[in-house]
Amino acid sequence: MVIALALTVVAVLFAHDVTRSAHEATNPRRSENRSFAALANRLVVTSNQLDFHLAYLLEHGKTLSRDVFAARLAQVNAQLAPLVSDANLLHRPVLAHHVQREIITVTLARASADAQVISAAKTALSLPGAPVHAPSASAALASLRGAIARWNYKRFSLVGEPGRVSLLAATSALARVNWTSAIATLAGSASLTLTRSLSISAIAITPSPLPAPTGQLVLLPVTSFTVGVVVTNDAYCDQRASVRVTFTASNGASQQRTMNVTLGPLASFALDAAAFTSYAGEKGTLSVVASGAPPALGKTLAKTYAVSVAPSGAG
């Protein structure tokens, strides 16, 4: 009986130690799982929201102007990098079924798909900063659908683990967008259609001409003068422009300068031609011609002036 009692006491003490050890081992795991769930669910919610905003923009953006539409795309795109950074913080600790790897994978896949769709939309609409060779939006959407399905299968990995946490489902309105139809609707929108246009905003002569009627330039008796031209891109796009300035003297001698520039959306740029030689009493014609796009409404891309250089001693 003494031996049996001793064995019973030992068994009870052993069971108590095992229970205590198991409890002590479970507490950290429960804490890790719950902390992970809070971070993972925040990533899922943010990804779902960005997905919805991008899908809504593609399906309802036809009433926006080009600059506003581009700004909305940029807003979504700007939030992708922080999302990826937050996901990469979840590599440790390693959890049951490697669920932390799954949330990282799905977040990176969703961010990549969103970025590719944004690039494809910019290229299709010729928005500033669009890549020359846009990625395939259809392939990106197919990848997105696969990532969503995988996460929604794996998100139950911690239900039976300490803490019994629930991980939120990934939703994607973007995955259901008919890309071909959506982009065709956007491209056909009057407010989003690209209408290129340029204008000559100002012309400056140095040294400054003397007062004269419109279309005439009366210069002091100088040996050279320079022509400055301000050209404006009146469209929301990147635009190549070329400006040709020609001074043709009355004897037929001609001097020509050509300047090239890439203008940003709705931007202006001042170009200074090299000096044109002249002499006292000379007469001629100065022409300024810009090219690269049609002229803006009510404006012209060509200006011509009759030039007279004052005789020596005038001033």
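Residues numbered from 1 in each chain as written. Predicted model: local features only at pLDDT ≥ 70, side-chain atom pairs only at ≥ 80, totals over all residues. Heavy atoms only, no water.

Enquirer: Go over the overall build of the protein with me, naming the residues and quoting the values.
Expert: Helix and strand counts for the protein stand at six helices and nine strands. The C-alpha atoms of the protein give 35 Å as radius of gyration, which overshoots the globular expectation for 315 residues (20 Å, by more than 25%). In terms of its C-alpha atoms, the protein occupies a principal-axis envelope of roughly 140 × 40 × 25 Å. When each of the 315 residues of the protein is scored for burial, the buried share is 37%. For the protein, restricting intrachain contacts to residue pairs at least 6 apart in sequence, the fraction spanning at least 24 positions comes to 72%. Looking at the protein as shown, the accessible area adds up to about 16600 Å², and 59% of this sits on carbon and sulfur atoms. The average position of the 25 basic charges and that of the 14 acidic charges among the side chains of the protein differ by 4 Å. (Helix = DSSP H or I, 4+ residues; strand = E, 2+ residues; numbered from the N terminus. Rg over C-alpha atoms; globule rule 2.2 N^0.38 Å. Buried < 20%, exposed > 50% of the residue type's maximum accessible area, 1.4 Å probe, protein only. Contact = heavy atoms within 4.5 Å. Areas by Shrake-Rupley, 256 points an atom, 1.4 Å probe, with all protein chains shown as cover. Lys, Arg positive; Asp, Glu negative; His and termini not counted. Charge placed at Lys NZ, Arg CZ, Asp CG, Glu CD.)

Enquirer: How would you summarise helix α5 (residues 137-154) if you had to cite specific residues and measurements?
Expert: In this model, α5 (18 residues) spans 26 Å end to end at C-alpha, consistent with the 26 Å of a helix rising 1.5 Å per residue. Regarding α5, the residues found buried are A137, A140, L141, L144, A147, I148 and W151. Along the axis of α5, the buried positions cluster into a sector of 120°, meaning they face one direction only. (Expected span 1.5 Å × (residues − 1). Arc of directions from axis to C-beta.)

Enquirer: Report on the sheet that holds strand β9 (residues 302-309), specifying residues and quantitative values.
Expert: An order of β2-β9-β8-β4-β5 is seen for the five strands of this open sheet, with the pairing classed as mixed. Of all the strands in the sheet, just β2 (216-219) and β5 (254-263) have a single pairing partner and so form its edges. Pairs of neighbouring strands in the sheet enclose a mean axial angle of 20°, with direction left out of account. Two elements, strand β4 (residues 239-249) and β5, share 10 bridges in a ladder whose sense is antiparallel. Each bridged residue has a counterpart across the sheet, and for A241 the counterpart in β5 is V261. (Pairing = 2+ DSSP bridges. Axes fitted to C-alpha atoms, helices over the stretch in contact; angles between N-to-C directions.)

Enquirer: Can you explain the packing of helix α2 (residues 66-78) against helix α4 (residues 99-124)? Please cite residues and give values.
Expert: Geometrically, a packed helix pair is captured by the angle between its two axes and the distance between the axes. Two elements in contact, α2 and α4, have axes separated by 10 Å at closest approach and are oriented at 160°. Classed by the angle they form, the pair α2 and α4 counts as roughly antiparallel. As α2 packs across α4, the resulting crossing turns out to be left-handed. Along its contact with α2, which presents L73, V76 and N77, the element α4 presents A115, I118, A121 and K122. Per-class residue counts for the contact of α2 with α4 are five nonpolar, one polar and one charged. (Parallel < 35°, antiparallel > 145°, perpendicular 65-115°, else oblique. Left-handed = near helix turned anticlockwise from the far one by under 90°. Nonpolar A, V, L, I, M, F, W, Y, C, P; charged D, E, K, R; others polar.)

Enquirer: Before we move on, can you summarise the nonpolar core with the specific residues and values?
Expert: Among soluble globular proteins, nonpolar side chains are generally buried collectively. Ranked by internal contacts, the top residues of the largest apolar core, which has 51 residues, are F36, F69, I103, L174 and W179. Contributions of two or more residues to this core are made by α1 (2-60), α2, α3 (80-88), α4, α5 and α6 (179-187). Apart from residues no more than four positions distant in its own chain, L174 is found in contact with D51, L54, A55, L58, D114, V117, L141 and L144. Counting residues in each nonpolar core, the second largest holds 27 residues, with A241, V243, A273 and L286 among its members. (Core = buried A, V, L, I, M, F, W, Y, C linked by side-chain atoms within 4.5 Å.)

Enquirer: Explain the packing of aromatic side chains to me, using residue names and the numbers behind them.
Expert: Tallied over the full model, the rule gives three aromatic pairs. By the ring-pair criterion, three or more aromatic residues cluster together here, those being F225, F247 and F276. Between R257 and the ring centre of F276, over which it is positioned, the NZ or CZ distance is 4.9 Å. (Phe/Tyr/Trp six-rings, centres within 6.5 Å; stacked < 30°, edge-to-face > 60°. Lys NZ or Arg CZ within 6 Å of the ring centre and 35° of its normal.)

Enquirer: Tell me what's going on with α6, and back it up with residues and numbers.
Expert: Within the sequence span of α6, burial applies to W179, A182, I183 and L186. Buried positions in α6, seen along its axis, are confined to an arc of 90° and lie on one side of it.

Enquirer: Can you break down the pattern of salt bridges residue by residue, with the values?
Expert: Summed over the entire model, instances satisfying the criterion amount to two salt bridges. Its salt-bridge partner being D51, residue R110 comes within 3.7 Å of it at the nearest N-O pair. Here R110, found in helix α4, pairs with D51, found in helix α1; they are 59 residues apart in sequence, far enough to count as distant. Taken as a pair, R110 and D51 share a single burial class, namely buried. Here R150 and E102 are joined by a salt bridge, their closest N and O atoms 2.9 Å apart. Of this pair, R150 sits in helix α5 while E102 sits in helix α4; the two residues are 48 residues apart in sequence, bridging distant segments of the chain. By relative accessible area, R150 is classed as partly exposed at 44%. (Salt bridge = Lys/Arg side-chain N within 4 Å of Asp/Glu carboxyl O.)

Take it as geometry only, folks, not as evidence of what the structure does.
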